[in-house]
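Take a look at the letters that make up each chain.
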Amino acid sequence: MEASSAATSSVQRTAQAAERHVIPVTNPLAVFWATAIGKKVVMAITGVIMIGFVILHMLGNLKIFAGPDQINAYSRFLRTVGEPELGYGDALWIVRIVLLTAVTLHIIAAVQLSRMSWAARPTQYYDHRNVETTFAARTMRWGGLLLAIFIVFHILHFTLGAVGFAPGQYEDLHVYQNVVAGFSVWPVAVFYIIAMAALCLHLDHGIWSFIQTLGWSTARNEAKLKVISRIIAIVIFAGFISVPLAVMTGLVH
Amino acid sequence: MNLFLKIWRQSRKDAPGEFKEYQVRDITPDMSFLEMLDALNEDLNARGEPPVAFEHDCREGICGSCGFLINGVAHGGQRGTTVCQLSMRFFKDGDRLTLEPWRASAFPIIRDLVVDRSAFDRILQAGGFISAPTGSAPDANAILVPKEAADTAFDAAACIGCGACVAACPNAAAMLFTSAKLTHLNKLPQGQPQRDQRTLNMAAAMSREGFGSCTNHGECEAVCPKEIPIEFIGNMNRDLIRAAWKRRREPLTLSESPKDER
Ligand code: HEM
Ligand code: FES
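Residues numbered from 1 in each chain as written. Chains lettered and ligands numbered in written order. Predicted model: local features only at pLDDT ≥ 70, side-chain atom pairs only at ≥ 80, totals over all residues. Heavy atoms only, no water.

A.B. asks: I'm lost on the overall build of chain A in this one. Help?
C.D. replies: Scanning chain A for helices and strands turns up ten helices and one strand. Going from the N terminus to the C terminus, chain A shows its helices and strands as α-β-α-α-α-α-α-α-α-α-α. Relative to its length of 253 residues, chain A is extended, with a C-alpha radius of gyration of 25 Å against a globular reference of 18 Å. Taken along its principal axes, the extent of the C-alpha atoms in chain A is 95 × 55 × 40 Å. Within the span of chain A, comprising 253 residues, buried residues form 39% of the whole. The contacts in chain A between residues at least 6 apart in sequence include a share of 71% that link residues at least 24 apart. Approximately 14200 Å² of chain A is accessible, and the part contributed by carbon and sulfur atoms is 69%. Computed over 17 positive and 12 negative side-chain charges, the inter-centroid distance for chain A is 11 Å. (Helix = DSSP H or I, 4+ residues; strand = E, 2+ residues; numbered from the N terminus. Rg over C-alpha atoms; globule rule 2.2 N^0.38 Å. Buried < 20%, exposed > 50% of the residue type's maximum accessible area, 1.4 Å probe, protein only. Contact = heavy atoms within 4.5 Å. Areas by Shrake-Rupley, 256 points an atom, 1.4 Å probe, with all protein chains shown as cover. Lys, Arg positive; Asp, Glu negative; His and termini not counted. Charge placed at Lys NZ, Arg CZ, Asp CG, Glu CD.)

See below:
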């Protein structure tokens with residue numbers, strides 16, 4: 001009798017403990033956001049969205065070499081695509097909202113995970129030698145910060161014409177003329193090139209990194225995937241900087 | 001061989017520590033690194049100074065007790081080797097070696113080169129087991145294990161929990177350790193019933209213990225004495241995605257504040 005009541009109370013106690021400590025998880029998104037791994041996966045997926053955008057953006061920019069009519073028509077196309085189902089500029093706004101969400105989530109996760117990692121090693125090593133990591137991997141955070149600053153500047157510059165132009169110089173939908181005028185200011189062109197170098201580094205690690213995060217990189221294919229990642233990063237870099245370089249050298253005027 | 005050692009000395013957990021310099025003489029190349037430290041400690045004992053505390057048990061690379069940084073590299077830099085298995089012929093006469101303990105907020109220093117790795121135990125307690133009732137011992141081969149699953153689980157089970165992955169990680173993350181433990185059980189048919197709950201519990205425990213977050217540097221696999229590949233971290237991430245998204249009639253559970261349970 002004694003024993004059985006003791007047993008019951010211990011069962012009750014465990015049940016209470018379980019009630020206090022164990023919570024059912026009903027929202028998969030909450031599980032995701034509650035773990036470091038989940039946030040890391042968010043970074044990977046938002047990264048992939050941004051890579052897709054960056055590649056298309058780079059290809060679109062190359063139209064400048066086809067002449068003013070081509071690229072200006074392309075700019076108009078981006079606004080009229082989807083008509084008549086979508087209104088003028090709607091498709092562009094959908095893309096903008098997706099990208100804004102992606103970049104916001106990417107940055108929030110980056111900041112939270114970075115702080116978590118800094119807190120995890122409050123005392124630095126007196127002597128620490130890296131064996132496998134790369135410069136690109138080690139500059140993801142500060143390079144990412146530079147990219148964030150670049151994105152703000154870039155939107156103020158070529159999207160809104162609010163900075164970097166003489167009054168009245170920027171004209172909506174005159175992409176060719178705006179780009180030539182914008183990059184004729186050499187510090188601006190140099191800043192773009194530096195930012196694209198930062199992007200190249202970010203993607204050199206980032207492309208392989210998302211593949212690894214999402215579990216497609218294996219001990220067997222890792223080396224190959226890293227080479228492919230680097231090639232894509234360099235192609236994106238070359239494609240982007242060709243435009244400011246062409247303006248600076250007078251090839252496009 | 002004669003060597004110059006610079007060793008982190010710290011008397012207890014919250015005491016301030018500092019590096020002290022020592023010289024060891026007449027070390028033979030066939031001594032292990034820990035035997036070299038034994039020789040140093042005999043000298044220190046003879047002089048009445050406190051010996052250098054370092055952890056060890058098996059001294060044959062299988063228990064995971066030993067480990068510290070030698071010149072900035074966990075376990076000293078010979079691939080796939082624990083510091084107890086590292087022989088002195090890896091070094092040269094006159095070398096200057098800096099010995100530093102693992103540094104991570106989840107691994108508080110107990111003394112000198114010894115750190116408290118019970119955070120790893122708590123990650124294991126969160127899910128590194130199979131408790132589904134399995135009846136009495138089954139007939140041999142009653143549960144078929146695919147060859148690839150057996151091999152992968154075996155590779156993952158090689159993890160000895162030494163903590164070098166955390167020590168070497170620029171983020172002090174415990175992803176390699178946790179992923180090895182998860183891959184070990186999640187790949188086997190016997191591990192399937194608790195797969196999602198296990199993954200969730202261990203992933204949450206990792207964050208709770210104050211480890212950092214992986215940024216895929218690969219430093220962990222480079223120093224892992226058992227050469228666990230970061231591929232397993234990818235496995236773990238996918239298992240967490242699966243745990244989060246799989247439709248089920250009864251929800252998974254998460255411990256609210258298991259720190260109190262310690
Ligand atoms: C806007 C500011 C940005 C910040 C602050 C930022 C920051 C970061 C940080 C801290 C990481 C994690 C480091 C690591 O895993 O090694 C990361 C990863 C990544 N970033 Fe960014 N980033 C930014 C923009 C971008 C852009 C524009 C792209 C794509 C074009 C991008 C693509 C990626 C990819 C693919 C990853 C890898 C994700 C993974 O490892 O799973 N990021 N970023
Ligand atoms: S003492 Fe057991 S692994 Fe080194």
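A.B. asks: Would you mind showing me how to read the packing of helix α7 (residues 140-159) of chain A against helix α9 (residues 186-213) of chain A here?
C.D. replies: Between two packed helices, both the angle of their axes relative to each other and the distance between the axes serve to describe the pair. Residues and elements named next belong to chain A. At a minimum axis separation of 9 Å, α7 and α9 run at an interaxial angle of 135°. By the angle between their axes, α7 is oblique relative to α9. For the pair α7 and α9, the sense of crossing is left-handed. Where α7 abuts α9, its residues Met140, Gly143, Gly144, Leu146, Leu147, Phe150, Phe153, His154, His157 and Phe158 lie against Val188, Phe191, Tyr192, Ile194, Ala195, Met196, Ala198, Leu199, His202, His205 and Gly206. (Axes fitted to C-alpha atoms, helices over the stretch in contact; angles between N-to-C directions. Parallel < 35°, antiparallel > 145°, perpendicular 65-115°, else oblique. Left-handed = near helix turned anticlockwise from the far one by under 90°.)

A.B. asks: So what exactly am I meant to see when it comes to the coordination of the iron atom of ligand 1 here?
C.D. replies: Around a metal, the ideal angle is 109.5 degrees if four donors adopt a tetrahedral arrangement and 90 or 180 degrees if six donors adopt an octahedral arrangement. Residue and element names in this part refer to chain A. Around the iron atom of ligand 1, the protein contributes the donor atoms His106 (NE2) and His202 (NE2), at 2.1 Å from the metal centre. Relative to the metal, the six donor atoms surrounding the iron atom of ligand 1 lie at angles of 87 to 179°, and the coordination shape comes out octahedral. Remark: histidine 202 occurs in helix α9 and histidine 106 occurs in helix α5 (residues 90-120); sequence separation between them is 96 residues. Accessibility expressed as a relative area gives 15% for histidine 106, which makes it buried. (Donors = N, O, S within 2.8 Å, 3.2 Å for Na, K, Ca; no water. Tetrahedral: all angles 85-135°; square planar, octahedral: opposite > 155°, others 65-115°.)

A.B. asks: Looking at this structure, how should I read the side chain of histidine 157 of chain A?
C.D. replies: Take histidine 157 of chain A: it is sitting in helix α7. Dropping the residues within four chain positions of it, histidine 157 of chain A is found in contact with Ala162, Val163, Gly164, Phe165, Tyr170, Gly182, Val188 and Tyr192 of chain A.

A.B. asks: What's the story with the nonpolar core in this structure? I'm lost.
C.D. replies: Nonpolar side chains in soluble globular proteins generally cluster together in the buried interior. Core analysis: the largest hydrophobic core is formed by 132 residues, its most contacted members being Phe33, Leu37, Phe68 and Phe211 of chain B. Here this core gets 14 residues from one element, more than from any other, and that element is α9 of chain A. Here leucine 37 of chain B is in contact with Leu5, Ile7, Phe54, Phe68 and Leu99 of chain B, once residues within four sequence places are set aside. (Core = buried A, V, L, I, M, F, W, Y, C linked by side-chain atoms within 4.5 Å.)

A.B. asks: Honestly, the site of ligand 1 in this entry has me stumped. Any pointers?
C.D. replies: Close to ligand 1 lie 28 residues, the nearest being Lys40, His106, His202, Ser209 and Thr213 of chain A. In this structure, ligand 1 is bordered by residues of chains A and B. Contact distances for ligand 1 include 3.1 Å between an oxygen atom and a side-chain N or O atom of histidine 205 of chain A. Contact between ligand 1 and threonine 215 of chain B: an oxygen atom at 3.1 Å from a main-chain N or O atom of the residue. Of all the secondary structure elements, the ones that give two or more residues to the shell around ligand 1 are α3 (36-61), α5, α7 and α9 of chain A. Counting residues per element, the shell around ligand 1 draws most heavily on α9 of chain A, which supplies eight residues. Looking at the shell around ligand 1 residue by residue, the class counts come to 16 nonpolar, ten polar and two charged. (Near = heavy atom within 4 Å. Polar contact = N/O pair within 3.5 Å; in protein donor to acceptor, adjacent residues only side chain to side chain. Nonpolar A, V, L, I, M, F, W, Y, C, P; charged D, E, K, R; others polar.)

A.B. asks: Would you take a moment to explain the interface of chain B and chain A for this structure?
C.D. replies: Size of an interface, as often reported, equals the accessible area lost when the parts are brought together. Taken residue by residue, the interface counts 61 residues in chain B and 50 residues in chain A. Summed over the shared surface of chain B and chain A, the result is one salt bridge. Elements with a contribution of two residues or more to the side of chain B that touches chain A: β5 (96-100), α4 (164-168), α6 (195-208), α7 (219-223), α8 (231-245) and β8 (252-255) of chain B. Top contributing element to the side of chain B that touches chain A by residue count: α8 of chain B, with ten residues. A per-class count over the side of chain B that touches chain A returns 32 nonpolar, 18 polar and eleven charged. (Salt bridge = Lys/Arg side-chain N within 4 Å of Asp/Glu carboxyl O.)

A.B. asks: What's the story with helix α1 (residues 33-46) of chain B in this structure? I'm lost.
C.D. replies: In an α-helix, one turn spans 3.6 residues, which is why side chains three or four residues apart end up on the same side. Residues and elements named next belong to chain B. In this model α1 runs 20 Å from its N-terminal to its C-terminal C-alpha over 14 residues, within 8% of the 20 Å that 1.5 Å per residue would give. Within the sequence span of α1, burial applies to Phe33, Leu34, Met36, Leu37, Leu40, Asn41 and Leu44. Each buried residue of α1 lies within a common arc of 150° when the element is viewed along its axis, so the set occupies one face. More than 90 degrees from the buried face of α1, the exposed residues found are Glu42 and Ala46. Against the buried residues of α1 lie β1 (3-9), β2 (18-24), β3 (69-70) and β5. Following α1 by one or two positions, glycine 48 has its phi on the positive side, about 80°. (Expected span 1.5 Å × (residues − 1). Arc of directions from axis to C-beta.)

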